[in-house]
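Fold and geometry: a report
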Amino acid sequence: LLKSEVRRLERNHEREKSVANLEYLKNVLLQFIFLRSGSERQALLPVIHTMLQLSPEEKSKLAAIAQ
């Protein structure tokens, strides 16, 4: 019983982290969309790549859009 409760609490904690990450990703993507092309957009690329686990092809497409 205690083990199942610990696992339940761990799952809840993971969900909370996921929601926080989702909010952060939303804010980063909105910044990327509304910024003009240039260095500010380029600076957001590593964050987007990491959070979305983009493939090399997707990374290059996004970098082209950022310019």
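If you check an unreviewed UniProt entry, the protein chain appears there as GRIP domain-containing protein from Cirrhinus mrigala.

Looking now at helix α2 (residues 39-52). In this model α2 runs 20 Å from its N-terminal to its C-terminal C-alpha over 14 residues, within 8% of the 20 Å that 1.5 Å per residue would give. Where α2 bends most, the angle comes to about 30°, and this point is L45, followed within four residues by the proline P46. Every buried residue of α2 is listed here: R41, L44, L45, I48 and H49. Looking one or two places after α2, you find Q53, whose phi comes out positive at around 50°.

Rules used throughout
Residues numbered from 1 in each chain as written. Predicted model: local features only at pLDDT ≥ 70, side-chain atom pairs only at ≥ 80, totals over all residues. Heavy atoms only, no water. Helix = DSSP H or I, 4+ residues; strand = E, 2+ residues; numbered from the N terminus. Expected span 1.5 Å × (residues − 1). Bend = angle between axes of the 7 residues up to and from the residue. Buried < 20%, exposed > 50% of the residue type's maximum accessible area, 1.4 Å probe, protein only.

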